[in-house]
Every structure is written in structure tokens, then in C-alpha cells.
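# Summary of structural features
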Amino acid sequence: MSVIAGTLRRDPNTGAANLLAFAEWLVQPATPCVLIDIQLPQPPAAATLRWLALLLREELAGTLYQLGDTQFVIVAPPNELAAKPAQIERLQKLLERKAQRLNLAAMPIIRRHEITAGSDPATMLRQLTPDTAEPGALLNRLVAQLAALGATLNNQAQFDLDPVTGLPNSMAARRRLAEMVTIALAQNHACSILLINGDDLRRYNELSYVAGDQMIHDLAAALREQLRPSDLLARWDVGDQFLVVLPQTGVSGAAALAERLRQRVIERSQLWPFPVTVSIGVAAAPQHGRDPDTVLRLAAAALAQAKAAGKNRVMVGRGE
């Protein structure tokens with residue numbers, strides 16, 4: 001699947017797979033699985049949806065789908081811990097504790113559905129419709145969700161921007177990275193990347209999800225201050241990770257900049273609710289590879305090494 005096609009199957013606000021992706025999953029031959037159905041009584045604010053999606057990813061293993069602005073579905077293999085009834089009860093209690101922090105006006109209804117091999121799409125969709133719904137409610141809801149999805153797809157610009165920082169998101173960043181590496185190799189220049197990950201930042205979300213969003217926004221601003229206009233800074237995924245692409249910059253220059261960024265974050269965050277540190281992985285084309293995926297993989301490996309070595313440090317990738 002192309003990057004653009006993948007973009008159209010993700011909700012730009014939450015990063016969850018959308019109704020289009022869920023429809024594609026539905027028409028595949030059904031295998032045994034468990035559907036964890038989370039339904040909100042009324043549409044919440046966009047920020048609440050984003051925070052709820054983040055919490056669901058953290059708490060339950062499986063593929064997260066957002067079917068509209070009032071429903072998430074997690075598809076989990078039946079042997080996963082997330083699929084067990086006890087985990088559903090635990091999630092319900094967790095949401096009750098965090099309702100105020102998530103700004104939930106009403107508690108979601110969570111249901112668990114066991115899907116057997118060979119189940120058809122209509123049967124699975126009926127299970128995702130409340131038992132109290134009137135006849136025709138399923139069709140009406142699907143039509144409304146499809147119309148909302150169409151409106152979302154028409155607004156192409158939102159698919160390129162991270163809603164918290166206003167930076168390019170990971171989908172847009174992948175496209176720009178490919179372009180920048182191609183140009184660098186054609187001109188016989190180096191092009192380096194930094195993968196930056198915050199260290200132990202979950203305590204901001206424990207303070208409040210608003211505080212977590214503000215910290216990510218401030219962290220992005222601190223990083224941006226140290227970069228050139230030609231450099232690319234992007235939000236990577238939907239957590240506390242960023243990607244920096246440095247044209248005409250070799251490994252040594254990238255590593256030196258990464259160290260300056262690490263120090264800058266420490267300095268700037270002294271006035272934040274909690275001081276922040278970051279770990280950074282560095283890799284470059286063509287030294288570590290001539291295609292973006294290889295360079296990204298080695299930068300990610302270097303970032304993992306930085307985390308394993310104690311965090312708050314810079315590590316340079318090793319060539320394959």
C-alpha cells in the first residue's frame with residue numbers, strides 16, 4: 001500500500017485506522033477474534049477523542065479502528081490478554097477513574113464480541129450496533145459515518161498536519177524524507193535524520209492530557225529553535241517522538257546537532273511542570289543506506305540503544 005493510500009485509511013486526529021480500513025478488514029475471510037466495542041453516548045471534543053485513542057493503545061493490544069466520532073473498535077486475537085473479559089472490566093474502571101482527565105461528559109459503553117471463523121460482515125456489524133437500536137439504525141449510522149468520512153477525505157490538508165503541534169505528521173514526513181534523500185543522493189550530498197523520543201513523559205498525561213499536549217507543543221518549539229529553515233521537523237507517530245531531516249549534513253554534523261538539541265530541551269524544560277530529557281538516534285544517507293527505510297530503521301535502532309543505555313543521550317546508528 002502506498003503512503004498516500006495508507007494516509008486515507010487513518011484518522012488525522014487520532015491516528016486510528018478509520019471506517020474505510022475497517023470495511024477492508026470486514027470483507028476479508030473472518031478468522032477467530034474478539035471485537036472490543038467502545039461507544040460514546042455523544043460526540044466528544046476532538047482532543048478527547050485523541051486522548052481516548054492514546055489510552056486505548058496503551059491499555060489494549062490489537063488493531064484500533066475509529067468508526068466515527070462516537071465509536072472505537074479494537075480487533076484482538078482471542079488468545080491476547082486484551083481480549084479477556086477481565087481486561088474489559090479493568091478498562092471500564094480505568095475510564096471511570098480518568099473520566100475527568102479525559103474530559104468525558106458521559107462514560108463509554110464497552111462491549112466484547114467473540115467472532116467465529118467464517119462470520120459474514122453483516123453479522124459482525126449487527127454486533128456493533130446497540131441492542132436497543134431501532135430497526136434500520138445500523139444502516140442509518142453507516143450512512144452518517146460514510147458521509148463524515150467523505151467530508152474528512154475532502155480536506156486533504158489535515159492529513160499532513162499533526163493536530164497538537166501543527167508540524168507535518170509522520171505520513172507527510174515519510175513523503176518529504178523520500179524526496180530529500182533522493183535529491184541528496186542525486187547531488188552527491190549527505191542527508192541525515194534524527195529520531196527523537198522523550199524520556200518518561202507519561203507523567204505529563206498523568207497530570208492531565210491537556211498538560212501532555214502542551215508539553216508536546218513546547219517540546220516541538222524547543223527543537224525548532226535549533227534548526228535551519230531547510231531542515232524538516234515532524235511529529236513521528238502520535239506519541240512523544242519527532243523526526244528531523246537534515247539536508248547536506250553528514251553523520252558527524254548531525255550528531256553534534258543532536259547533542260545541542262538534547263541540551264536545549266533540558267534548559268528549556270526547567271520552567272515546565274516537570275523537567276524533560278530526550279534520547280536521540282542518528283543515521284544518514286548514504287553512509288547507513290541509500291533508501292529512507294534503511295536509514296530510518298538504523299536511526300530507530302540507535303534510539304533504542306540510547307534508551308537501553310540509560311536515556312538522555314545521543315547514539316549514532318551502525319551501518320548494515
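Please refer to the structure placed before this passage.
Moving on, we get to the sheet that holds strand β8 (residues 278-285). Pairing in this open sheet of 5 strands is mixed, and the strands run β6-β7-β5-β8-β9 from one edge to the other. Where the open sheet ends on each side, the last strands, each with one partner, are β6 (232-236) and β9 (314-316). The average undirected angle you get between the axes of adjacent strands in this sheet is 20°. Pairing of β8 with β9 involves 3 bridges; the strand directions are parallel. Opposite Gly 281, over in β9, you have Met 315 as the bridge partner. Strands in contact with helix α7 (residues 170-186) are β5 (191-198), β6, β7 (241-247) and β8; relative to β6, the strand with the most contacts, it is inclined by about 145°. Contacts from helix α10 (residues 251-268) reach β5, β7, β8 and β9, with the element oriented near 165° to β8.

The next subject is the environment of Glu 96. Its place among the elements puts Glu 96 in helix α4 (residues 85-102). Here the alpha-carbon distance between Glu 96 and Pro 108, two residues 12 residues apart in the chain, equals 9.1 Å.

Here we take up the environment of Leu 219. Mapping Leu 219 onto the fold places it in helix α9 (residues 209-224). Along the sequence, Leu 219 and Arg 264 sit 45 residues apart, while their C-alpha atoms lie 9.9 Å from each other. When neighbours within four sequence positions are excluded, Leu 219 is seen to be in contact with Leu 201, Phe 242, Val 265, Trp 272 and Val 278.

The final tally for this structure, using the stated rule, is 5 aromatic pairs. Ring geometry for Trp 51 versus Tyr 209: centroids 5.8 Å apart, planes at 25°, classification stacked. You can see Trp 51 sitting in helix α3 (residues 46-59) and its partner Tyr 209 sitting in helix α9, a full 158 residues away along the chain. Note on Tyr 204 and Phe 274: the rings are 5.4 Å apart at their centroids and 90° apart in plane angle, and the pair reads as edge-to-face. With a gap of 70 residues between them, Tyr 204 in helix α8 (residues 202-207) and Phe 274 in the loop between α10 and β8 connect regions that are remote in the sequence. The exposure class assigned to Phe 274 is partly exposed, which follows from its relative accessible area of 26%. Through a chain of ring-to-ring contacts, three or more aromatic side chains come together here, namely Phe 22, Trp 25 and Tyr 65.

When the terminal C-alpha atoms of α7 are compared, their 24 Å separation across 17 residues agrees well with the 24 Å that a helix rising 1.5 Å per residue should span. Every buried residue belonging to α7 is among Ser 170, Ala 172, Ala 173, Leu 177, Met 180, Val 181 and Ala 184, and all of these are buried. The arc that holds the buried residues of α7, viewed along the axis, is 160°, so those residues lie on one side. Along α7, exposed side chains directed more than 90 degrees from the buried face belong to Thr 182 and Ala 186. In this structure, the buried side of α7 is in contact with β5, β6, β7, β8 and α11 (292-308). The N-capping residue of α7, defined by a side-chain oxygen 3.3 Å from the backbone nitrogen of Met 171, is Asn 169.

We now examine the pattern of salt bridges. As a working rule, side chains carrying opposite charge can pair if their charged atoms are close by. Enumeration over the complete set of coordinates arrives at 17 salt bridges. Across the pair Arg 264 and Glu 267 runs a salt bridge whose closest N-O atoms are separated by 3.6 Å. Remark: Glu 267 and Arg 264 occur in helix α10; sequence separation between them is 3 residues, near one turn of the helix. Accessibility expressed as a relative area gives 25% for Arg 264, which makes it partly exposed. Linked by salt bridges that have partners in common, Glu 225, Arg 264, Glu 267 and Arg 268 make up one network.

The subject of this paragraph is the sheet that holds strand β2 (residues 63-68). Strand order in the open sheet formed by 4 strands is β2-β3-β1-β4, and the pairing between neighbours is antiparallel. Lying at the two open borders of the sheet, with one neighbouring strand each, are β2 and β4 (109-115). Here the strands of the sheet are splayed against their neighbours by 20° on average, with no regard to which way each runs. Its contacts with the sheet put α3 on β1 (33-39), β2 and β3 (71-76), and the angle it makes with β3 is roughly 15°. Its contacts with the sheet put α4 on β1 and β4, and the angle it makes with β4 is roughly 165°.

Each value, and the rule that gives it
Residues numbered from 1 in each chain as written. Predicted model: local features only at pLDDT ≥ 70, side-chain atom pairs only at ≥ 80, totals over all residues. Heavy atoms only, no water. Pairing = 2+ DSSP bridges. Helix = DSSP H or I, 4+ residues; strand = E, 2+ residues; numbered from the N terminus. Axes fitted to C-alpha atoms, helices over the stretch in contact; angles between N-to-C directions. Contact = heavy atoms within 4.5 Å. Phe/Tyr/Trp six-rings, centres within 6.5 Å; stacked < 30°, edge-to-face > 60°. Buried < 20%, exposed > 50% of the residue type's maximum accessible area, 1.4 Å probe, protein only. Expected span 1.5 Å × (residues − 1). Arc of directions from axis to C-beta. Polar contact = N/O pair within 3.5 Å; in protein donor to acceptor, adjacent residues only side chain to side chain. Salt bridge = Lys/Arg side-chain N within 4 Å of Asp/Glu carboxyl O.

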